[in-house]
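One-letter residues, chain by chain:
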Amino acid sequence: MFGFRALSAKTRLLETPVLRFLMQRVLLAIPSLLLVSLLVFMVVRLIPGDPAQILAGDMATPQAVAELRAQWGLDRPLPVQYLTYLKNLLAGNLGRSVATRNPVTREIGDRYPTTVGLAATGILVAAILGLGAGVLAASKPFSRWDYGSMILALTGVSTPVFWSGLILILIFSVWLGWLPSGGTGSLRHMILPAFSLGLFDAGVIARQSRAGLLEVLEQDYIRTARAKGLAERMVVVRHAFKNAVIPVVTVIGMQFGRMLGGAVLVESVFSLPGIGRLLVTAISQRDYPVIQGICLLLAASFVIINLAVDVAYGYLDPRIRQ
Amino acid sequence: MSRGLPPGTLTSRLAAGALVVLALAGLLLPGPAPAGTARDTLVVGLGTNIATPDNHKATGLPAIGAASQAGDFLVLMDANSIVTPWLATSWQSADGGKSLILTLRDNVRMHDGNILKAEDVRYSIERFRKYAIGRAALNMVTAVTALDDRRVKITTQAPFPPLLRTLAYPGLSMYSKAAIEKAGDDEFRNHVAGPGPYRVTEFKAGDKMVMTAFDQYWAGRPALKTITFRMMPEMSARILALESGDVDLIDAISPQETERLAKNSKLKIVNPPSAGFVRIYMNVQKGPLTDKRVRQAIAYAIDREAIVKNLFMGQAEVARSLAPPGVFGYTGEYDVYKYDPAKAKEVLRQAGATNLKFTLMHSPGRYLLSTEVVEAIKANLAAVGVDMTIQNLEWGAFASATTTKLEDTRMEASLNWWRSINGDADSAIADFATKFLPPGNNTSFFSNAQYDKLYEQEQAETNQTRREQQLKEMQKILMEEMPAVPLYRQPNLWVASASLTSFDISPLSCLQPLYKASFK
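Residues numbered from 1 in each chain as written. Chains lettered and ligands numbered in written order. Predicted model: local features only at pLDDT ≥ 70, side-chain atom pairs only at ≥ 80, totals over all residues. Heavy atoms only, no water.

Peer 1: Help me understand the overall build of chain B in this model?
Peer 2: A tally of regular secondary structure across chain B gives 15 helices and 21 strands. Taking 24 Å as the expected radius of gyration for a compact globule of 520 residues, we find that chain B reaches 26 Å, a close match to that expectation. Along the longest, intermediate and shortest principal axes, the C-alpha atoms of chain B span 85 × 80 × 45 Å. Sorting the 520 residues of chain B into buried and exposed places 57% on the buried side. If you sum the accessible surface of chain B, you get close to 19,500 Å²; carbon and sulfur atoms cover 50% of it. Side-chain charges of chain B comprise 58 positive and 53 negative groups, with the mean position of each set lying 3 Å from the other. (Helix = DSSP H or I, 4+ residues; strand = E, 2+ residues; numbered from the N terminus. Rg over C-alpha atoms; globule rule 2.2 N^0.38 Å. Buried < 20%, exposed > 50% of the residue type's maximum accessible area, 1.4 Å probe, protein only. Areas by Shrake-Rupley, 256 points an atom, 1.4 Å probe, with all protein chains shown as cover. Lys, Arg positive; Asp, Glu negative; His and termini not counted. Charge placed at Lys NZ, Arg CZ, Asp CG, Glu CD.)

Structure follows, in structure tokens:
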């Protein structure tokens, strides 16, 4: 009886629109990821360069290069190589790096947490600075606060992360000596990289949230709220902000995904062991298994982030939950 | 009427507050002590990634130098190619010069507690020959035998005089066979055990390798307790980290930076001789550069002195041969190509190449200032009526394009780097032998019977005087036939904290054993 009830409850749960939606999205992700695996597999082999030639070393004989190619299975037909890769992939085996001979899962696993941590702190900085500047600008449109915030936002968007990173190191590490110039070890090490990465996106978020908030503040229900005699800050915080932030959530989600794959400059400037740097090294060495593994991971991350954004929509907008 | 909040509303206050909290949280969190304060700790910032602490599987010379601190050297070699006994205290030739018998230092303790024996050395050499990126250096070795606990015999196909110097290659680390077998070949990277002055105590891929002094090091307890090698690919970041005191020693610095850094009394510039030099390879069998007069004209047209003086601020050195100065067999006496645009024009006219056009393949960012160098060369050649197109290729594509077989190649010329790995001219110019035609590294497609004969003779010659002469003859042929223009010897620029002493850097940009390094 209890089992029947549990089963019914489970069935009912699966029938809820939100879960059905989530299940659909997860199922749709499978062909997407398969397509990504095929595209990446083909593209890395289309670009000129032979990993065996690159890694065989100085003065390697043609025979030694051929032996390496055979050892890594690169001498087999491409369809056979892809099917073998796919078969291993389904078993959770991403292969071994041709450069280090370490399992790709270990190579990526060692570095992905750093990149996720960097992207997470970067997006936190971006969200705090961007939303703060956006709200400040929208609260006093066309005032010096507005112009000041937007100039800062424009500066953030226009500043290459590479340059801002070096300037931050110069100020906070060399001149003031407050923070480490790079590397890992504590949360202190993440502050400068997070600000460097977040400044660009803060500018985007600031402009987006300003525009959104200004639009919402013109709506009838805001006029009604004001007519009821609510304090202005309550009108903005309680009524306007939540609706204005919906498009900003999309931006934050997309920016977070972009940060995962695009943090390579920040990782280089701050000497952080992330997957961006690993990917660049792998590409220069034509380390096919590592390139494929990282691209697949980034694609999967994007799918998950998009899913999270959709769920956040539901939380922010009751109409979407229906 | 204003449609907004006054500054200082709840949301803006929250945002501002959160920012302050975030900043303060970071500032107040305990961080590591700055590197410079603990004077028994050395932090080195390397531009190269250390892929693994297992030196037999390592790539990138500075990274190999870092990993070599755990596995020690059989012999050491200085910038003048002088070999010093190290783990091997003596050696003798046998079997008519085809074998070298090394006698090992007695009672050398390794990190796993075992004593280094001949079998460990044999096993290490064989493992190097199986995996190492530089394994081709020992291509001619046919057998490695442990004669007893302290003697190892290395046999080659034919007498190979540079063998002893080749054993000083920094990637040829000695390890404990028992430790490798216990950990397994792949997992050994996490349990590296050799007789070197420092033990690997932490390795974080892409981030750092921490090494701790090995108290029982055969040459005495190392002066420093800890060495941390940080992987810092960005030069500006390395410099800033050095200036902030986060690191004590950095490598791969541009000459333009040294002028400013030299004014900082807390720092010192180190520029030991380099074994690496840069050449323009020219396809001698296909394309517009098959006439040697044309290639010679190109050599006359390039102002190498100006490149060294203006781009490298005098920190590089004009290459007078295709082998670097200081190596055994070097000669610069056949370099007659003093910058002479008038002569270049005249030689081109004689060769009927008055409207010469060719393409130079180049991989930007691979070698120091190479983009500026190829632009300078383009301008030099334009001045004598030669139109050189620069084709920039990513490194993987470049390596593939320059080692494509003759029938398929499109390479007319390329700018590339080469080196002597063993302090001998042989390893610097061997790549011009016919046996190394692409897909090997003879990317000029140079094939010369007289050269090949001399190459085979010098490889087997045991009389050092005769061999030196043969190597010089080979360089003479190369400077006459000009399959590649020798441009300049690269700088080997490191910057250190002024108080750091007793450290040496090899011509291959590798740190020598750091057991004496300390802070004043």
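Peer 1: Got a minute to help me understand the interface of chain B and chain A in this structure?
Peer 2: Think of interface size as the accessible area that goes away when the parts come together; that is how it is often given. Contact residues are listed per partner, giving 65 residues for chain B and 70 residues for chain A. Our count for the chain B to chain A interface comes out at three salt bridges. Its salt-bridge partner being Asp 186 of chain B, residue Arg 96 of chain A comes within 3.1 Å of it at the nearest N-O pair. When residues of the side of chain B that touches chain A are traced back to their parent elements, those giving at least two are α1 (10–28), β10 (226–231), α6 (235–244), α12 (395–402) and β17 (413–419) of chain B. Looking at which element gives the most residues to the side of chain B that touches chain A, the answer is α1 of chain B, with 11 residues. Looking at the side of chain B that touches chain A, its residues break down into 30 nonpolar, 19 polar and 16 charged. (Contact = heavy atoms within 4.5 Å. Salt bridge = Lys/Arg side-chain N within 4 Å of Asp/Glu carboxyl O. Nonpolar A, V, L, I, M, F, W, Y, C, P; charged D, E, K, R; others polar.)

Peer 1: Help me understand the side chain of Thr 409 of chain B, please; the structure alone is not making it clear to me.
Peer 2: All names here are of chain B. Here Thr 409 lies in the loop between α12 and β17. Thr 409 sits in the buried class, given a relative accessible area of 6%. Sequence-distant contacts of Thr 409, that is, excluding residues within four places in its chain, are made with Asn 283, Lys 286, Ala 401, Thr 404 and Phe 445.

Peer 1: So what exactly am I meant to see when it comes to unusual backbone geometry here?
Peer 2: A negative phi angle is the norm for most residues apart from glycine, just as the trans form is the norm for most peptide bonds. The peptide bond linking Pro 438 of chain B to Pro 439 of chain B adopts the cis configuration, its omega dihedral lying at 20°. As for its position among the elements, Pro 439 of chain B is in the loop between α13 (425–429) and α14 (449–460). At Arg 286 of chain A, a position not held by glycine, the phi torsion is positive, near 55°. Locating Arg 286 of chain A in the fold gives a position in the loop between α14 (275–284) and α15 (288–316). Even without glycine at this site, Ser 509 of chain B takes up a positive phi of about 60°.

Peer 1: How should the pairing of strand β7 (residues 151–156) of chain B be read in this particular structure?
Peer 2: Moving residue by residue along a regular strand, the side chains alternate between the two faces of the sheet. Residues and elements named next belong to chain B. As defined by bridge partners, strand β5 (residues 99–104) adjoins β7 across five bridges and the pair is classed as antiparallel. Paired with Thr 103 across the two strands is Arg 151, which belongs to β7. The pairing of strand β6 (residues 141–146) with β7 spans five bridges and is antiparallel. If you follow Ala 146 over to β7, its bridge partner there is Val 152. Hairpin geometry of β6 and β7 is characterised by an intervening segment of four residues between the two adjacent antiparallel strands. (Pairing = 2+ DSSP bridges.)

Peer 1: How should I be thinking about the pairing of strand β13 (residues 276–282) of chain B in this particular structure?
Peer 2: Residues and elements named next belong to chain B. With respect to burial, β13 is a largely interior element, seven of its seven residues being buried. By the alternation rule, side chains of β13 split into Gly 276, Val 278, Ile 280 and Met 282 and Phe 277, Arg 279 and Tyr 281, which are all buried. With seven bridges connecting them, β13 and β17 associate as antiparallel partners. Paired with Val 278 across the bridge in β17 is Trp 417. Relative to strand β18 (residues 484–489), β13 runs antiparallel, the two sharing five bridges.

Peer 1: Is there a simple way to explain the pattern of salt bridges in this structure?
Peer 2: Two side chains of opposite charge can pair, provided their charged atoms sit close to one another. For the structure on display, the rule yields 37 salt bridges over all chains. Several salt bridges share partner residues, and in doing so they unite Arg 96 of chain A together with Asp 54, Lys 57, Arg 127, Asp 185 and Asp 186 of chain B into one network.

Peer 1: In this structure, what is going on with the sheet that holds β7 of chain B? I would like to understand it.
Peer 2: Residue and element names in this part refer to chain B. Here we have four strands laid out as an open sheet, ordered β4-β5-β7-β6, and antiparallel in their pairing. In the strand order of this sheet, the two ends are held by β4 (88–94) and β6, each with one partner. For this sheet, the mean inter-axis angle between neighbouring strands, taken without regard to orientation, is 20°. Each of β5, β6 and β7 is contacted by helix α3 (residues 118–131), which is oriented at about 155° to β6, the strand it contacts most. (Axes fitted to C-alpha atoms, helices over the stretch in contact; angles between N-to-C directions.)

Peer 1: Can you help me understand helix α6 (residues 104–139) of chain A in this one?
Peer 2: An α-helix turns once every 3.6 residues. As a result, residues three or four positions apart point the same way. In a regular helix each residue adds 1.5 Å, so 36 residues correspond to 52 Å; α6 of chain A covers 50 Å between its end C-alpha atoms and thus fits that length. Of all the bends in α6 of chain A, the largest measures some 30° and sits at Arg 111 of chain A, one to four residues before the proline Pro 113 of chain A. (Expected span 1.5 Å × (residues − 1). Bend = angle between axes of the 7 residues up to and from the residue.)

Peer 1: What should I look at first to understand the packing of helix α2 (residues 17–46) of chain A against helix α5 (residues 78–90) of chain A in this one?
Peer 2: How two helices sit against one another is set out by the angle between their axes and by the gap between those axes. All names here are of chain A. Taken N-terminus to C-terminus, the directions of α2 and α5 make an angle of 135°; their axes are 11 Å apart at the nearest point. Accordingly, the angle class assigned to the pair α2 and α5 is oblique. Note that α2 runs across α5; the crossing there is right-handed. Facing Leu 34, Ser 37, Leu 38, Phe 41, Met 42 and Arg 45 of α2, the residues of α5 in contact are Leu 78, Gln 81, Tyr 82, Tyr 85 and Leu 86. Residue composition of the contact of α2 with α5, grouped by class: eight nonpolar, two polar and one charged. (Parallel < 35°, antiparallel > 145°, perpendicular 65-115°, else oblique. Left-handed = near helix turned anticlockwise from the far one by under 90°.)

Peer 1: So what exactly am I meant to see when it comes to empty space enclosed by the protein here?
Peer 2: Once rolled over the atoms, a probe with the size of a water molecule shows which space is left empty. All names here are of chain B. A complete count under the given rule lists three cavities of 30 Å³ or more for this structure. For the largest cavity, the calculated volume is near 200 Å³. Around the largest cavity, the lining comprises 25 residues; the ones closest to its centre are Met 77, Asp 78, Gly 423, Pro 507 and Leu 508. The class makeup of the residues in the lining of the largest cavity is 15 nonpolar, eight polar and two charged. (1 Å grid on protein atoms, 1.4 Å probe; cavity = no way out; pocket = protein on both sides within 12 Å on 5 of 7 lines; lining within 4 Å. Points joined across faces, edges and corners; volume = space filled by probe spheres on them.)

Peer 1: What is the right way to look at the sheet that holds β18 of chain B in this model?
Peer 2: All names here are of chain B. The sheet built from six strands is open, its strands ordered β14-β18-β13-β17-β15-β16 with mixed pairing. Of all strands in the sheet, those with a lone pairing partner are β14 (317–318) and β16 (387–392), marking the two edges. Here β14 pairs with β18 via two bridges, running antiparallel. Within the sheet, the bridge partner assigned to Glu 317 lies in β18 and is Arg 489. The sheet strands contacting α12 are β15 (357–362) and β17, and the helix crosses β17 at an angle near 100°.

Peer 1: How should the environment of Val 36 of chain A be read in this particular structure?
Peer 2: Residues and elements named next belong to chain A. Position of Val 36 relative to the elements: it lies in helix α2. Placed 17 residues apart in sequence, Val 36 and Leu 19 show a C-alpha to C-alpha distance of 25 Å. If sequence neighbours within four positions are ignored, Val 36 has contacts with Cys 295, Leu 296 and Ala 299.

Peer 1: What's the story with a nonpolar patch on the surface in this structure? I'm lost.
Peer 2: All names here are of chain A. On the surface, a cluster of nonpolar side chains totalling about 350 Å² of accessible area is made up of Leu 38, Met 42, Leu 46 and Leu 78. Per-element accounting of the nonpolar patch gives the leading share, three residues, to α2. Looking at the secondary structure, you find Leu 78 in helix α5. (Patch = residues over 30% accessible without salt bridge, like charges linked within 9 Å, V, L, I, M, F, W, Y side chains within 5 Å.)

Peer 1: I keep staring at the packing of aromatic side chains and nothing clicks. Help me out?
Peer 2: Any two aromatic rings considered together are summarised by their centre-to-centre distance and by the angle between their planes. By the definition in use, this model includes 18 aromatic pairs over all chains. An angle of 45° between the planes, with centres 6.2 Å apart, marks the rings of Phe 172 of chain A and Trp 178 of chain A as tilted. Exposure remark for Trp 178 of chain A: the relative accessible area of 45% places this residue in the partly exposed category. Three or more aromatic residues joined by ring pairs make a cluster, and in this case those are Trp 86, Tyr 217, Trp 218 and Tyr 515 of chain B. Between Arg 419 of chain B and the ring centre of Trp 418 of chain B, over which it is positioned, the NZ or CZ distance is 4.3 Å. (Phe/Tyr/Trp six-rings, centres within 6.5 Å; stacked < 30°, edge-to-face > 60°. Lys NZ or Arg CZ within 6 Å of the ring centre and 35° of its normal.)

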